[in-house]
Amino acid sequence: MTSPTVRRRRLSAELRRRRVQAGMTLNDVAEELEWSPAKLGHIETGIRKWPSVMEIAALLRLYGVTGGQREAILTLVRESRLRPWWTEYEDVLSSAYVGNEAGAVSLRSYAGILVPDLLQTPDYTAALARRLGHGEHAAERMVAAYLKRQEILDSGSLGHYHAVVEEDALQRVSGDLGLLRGQTRRIVELAAEPHVTVQLLPTSAGPHPGFAGPFSILEFEEDEADLAYVDSTQGGGIVEAEDALRSCRRVWEELTRIAASPQSTVGILGRMALLT
């Protein structure tokens, strides 16, 4: 099933569309239902994450939505209220991002000086968690959460995954040859999958637009709008504005242009694994 996070976003967009079709403003609806305009605004923007079936049914009656269309929207409400697995790992994951990742059909990812999350081996994730100041318990939880996330590469729900990996991200663990060997082999294995594309960005490429920071671009099915996730040390954020998305796409196009081709990448990483 598509991620509840994606279902909630789709529900919000559908409710806005139905209100506009009915020729009503937020204030009009709020007055009719004796709600505050803020409550309805929160439902339409997704801030109110779990609107009840009764609340949405009241909106649909007001908008004149009946029959199969009504039932389809109420089904969307029920699906959006399901408790997904990642809520159990909110201490080590960004639910806002993972909820969208779990419902994406295409994902493009650049992780800067780190190996992208979906490519990491458990040993790499554990080492990273410790470097971030997590204790052993939290490190174990982070490993478990990342392994769970990585299941989307095998589930068939993600149609295409494309990652640009900085050579520096691998060189930073070159002091631990076992870790480096395991990580490069893992990337080579995944790159052999038909729906996975990996490009290595060599250090010799010099300064490039990716220096602004890690980001991912996500695409969805059923005409759902694309979005991006821009990471930062203060916590990442979801980007939906078209101007910002265009900026992310321009950076991505430049990164893939200067990175080694997928075929060359597999050869380079294969040699790196043999030499370590």
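Residues numbered from 1 in each chain as written. Predicted model: local features only at pLDDT ≥ 70, side-chain atom pairs only at ≥ 80, totals over all residues. Heavy atoms only, no water.

### Considering helix H8 (residues 136-150)
Line of reasoning, step 1. Taking 1.5 Å per residue, 15 residues should reach 21 Å; H8 reaches 21 Å between its end C-alpha atoms and fits that length.
Line of reasoning, step 2. Among all positions in H8, only Ala 138, Ala 139, Met 142, Val 143, Ala 145, Tyr 146, Arg 149 and Gln 150 are buried. Buried residues of H8, seen end-on, are gathered within an arc of 165° and therefore sit on one face of the element. Along H8, exposed side chains directed more than 90 degrees from the buried face belong to His 137 and Glu 140.
Line of reasoning, step 3. On its buried side, H8 packs onto helix H6 (95-101), helix H7 (122-131) and helix H9 (152-155). (Helix = DSSP H or I, 4+ residues; strand = E, 2+ residues; numbered from the N terminus. Expected span 1.5 Å × (residues − 1). Buried < 20%, exposed > 50% of the residue type's maximum accessible area, 1.4 Å probe, protein only. Arc of directions from axis to C-beta. Contact = heavy atoms within 4.5 Å.)

### Quick word on unusual backbone geometry
Line of reasoning, step 1. A positive phi angle, close to 60°, is found at Glu 34, a residue other than glycine.
Line of reasoning, step 2. Among the secondary structure elements, Glu 34 is positioned in the loop between helix H2 (26-33) and helix H3 (37-45).

### Here's the deal with the nonpolar core
Line of reasoning, step 1. Counting residues in each nonpolar core, the largest one holds 42 residues, and the members touching the most others are Leu 93, Leu 119, Tyr 161 and Leu 170.
Line of reasoning, step 2. Ranked by residue count, the leading element in this core is helix H11 (residues 177-191), at five residues.
Line of reasoning, step 3. If we ignore the near neighbours within four places in the chain, the residues touching Leu 93 are Trp 85, Trp 86, Val 98, Ala 145, Tyr 146 and Arg 149.
Line of reasoning, step 4. The next biggest cluster of nonpolar side chains, apart from the first, holds 17 residues, and it includes Leu 15, Leu 40, Ala 57 and Leu 74. (Core = buried A, V, L, I, M, F, W, Y, C linked by side-chain atoms within 4.5 Å.)

### Quick word on the packing of helix H4 (residues 53-63) against helix H5 (residues 67-80)
Line of reasoning, step 1. Relative orientation of the contacting elements H4 and H5 amounts to 155°, with a least axis distance of 10 Å. Compared by their axis directions, H4 and H5 come out roughly antiparallel. As H4 runs across H5, the sense of the crossing is right-handed. When H4 is examined against H5, the residues Val 53, Ile 56, Ala 57 and Leu 60 are found in contact with a partner set consisting of Arg 70, Ile 73, Leu 74, Val 77 and Arg 78.
Line of reasoning, step 2. The residue inventory of the contact of H4 with H5, partitioned by class, reads seven nonpolar, no polar and two charged. (Axes fitted to C-alpha atoms, helices over the stretch in contact; angles between N-to-C directions. Parallel < 35°, antiparallel > 145°, perpendicular 65-115°, else oblique. Left-handed = near helix turned anticlockwise from the far one by under 90°. Nonpolar A, V, L, I, M, F, W, Y, C, P; charged D, E, K, R; others polar.)

### Let's talk about the sheet that holds strand S1 (residues 106-110)
Line of reasoning, step 1. If you walk across this open sheet you meet the six strands as S3-S2-S1-S4-S5-S6, and the pairing is mixed. Lying at the two open borders of the sheet, with one neighbouring strand each, are strand S3 (196-201) and strand S6 (237-239). Ignoring which end each strand starts from, the neighbouring axes of this sheet average 15° apart.
Line of reasoning, step 2. Packing against the sheet, helix H12 (residues 242-258) makes contact with S1, strand S2 (160-166), S3, strand S4 (215-219), strand S5 (227-230) and S6, and its axis sits at approximately 110° to S4. (Pairing = 2+ DSSP bridges.)

### Brief notes about the packing of aromatic side chains
Line of reasoning, step 1. Tallied over the entire structure, the rule returns five aromatic pairs.
Line of reasoning, step 2. Consider the rings of Trp 85 and Tyr 89, whose centres lie 6.0 Å apart with planes at 70°: the pair is edge-to-face.
Line of reasoning, step 3. Under the relative-accessibility criterion, Trp 85 is labelled partly exposed at 25%.
Line of reasoning, step 4. Judged by centre distance (6.1 Å) and plane angle (50°), the rings of Tyr 110 and Phe 215 are tilted. Here Tyr 110 is found in strand S1, whereas its partner Phe 215 is found in strand S4, with 105 residues between them in sequence. We note that Tyr 110, like Phe 215, is buried.
Line of reasoning, step 5. Members of the aromatic cluster, connected to one another through ring pairs, are Trp 85, Trp 86 and Tyr 89.
Line of reasoning, step 6. A cation sits over an aromatic face here: Lys 39 above Trp 35, 4.2 Å from the ring centre.
Line of reasoning, step 7. Just above the ring of Tyr 146 sits the side chain of Arg 149; from NZ or CZ to the centre is 5.0 Å. (Phe/Tyr/Trp six-rings, centres within 6.5 Å; stacked < 30°, edge-to-face > 60°. Lys NZ or Arg CZ within 6 Å of the ring centre and 35° of its normal.)

### Notes on the side chain of Gln 150
Line of reasoning, step 1. Tracing the sequence through the fold places Gln 150 in helix H8.
Line of reasoning, step 2. When near neighbours in sequence (up to four residues on either side) are disregarded, Gln 150 contacts Asp 117, Leu 118, Leu 119 and Gln 120.

### A closer look at the pattern of salt bridges
Line of reasoning, step 1. On inspection of all chains with the given rule, the structure shows 21 salt bridges.
Line of reasoning, step 2. The closest approach of N and O atoms between Arg 9 and Glu 224, which form a salt bridge, is 3.1 Å. Here Arg 9 is found in helix H1 (residues 4-21), whereas its partner Glu 224 is found in the loop between S4 and S5, with 215 residues between them in sequence. With respect to class, Arg 9 is no different from Glu 224; both count as buried.
Line of reasoning, step 3. Residue Arg 18 pairs with Glu 14 through a salt bridge whose shortest N-O separation is 2.8 Å. One end of the pair, Arg 18, and the other, Glu 14, are both in helix H1, four residues apart, so they sit about a helical turn from each other. (Salt bridge = Lys/Arg side-chain N within 4 Å of Asp/Glu carboxyl O.)

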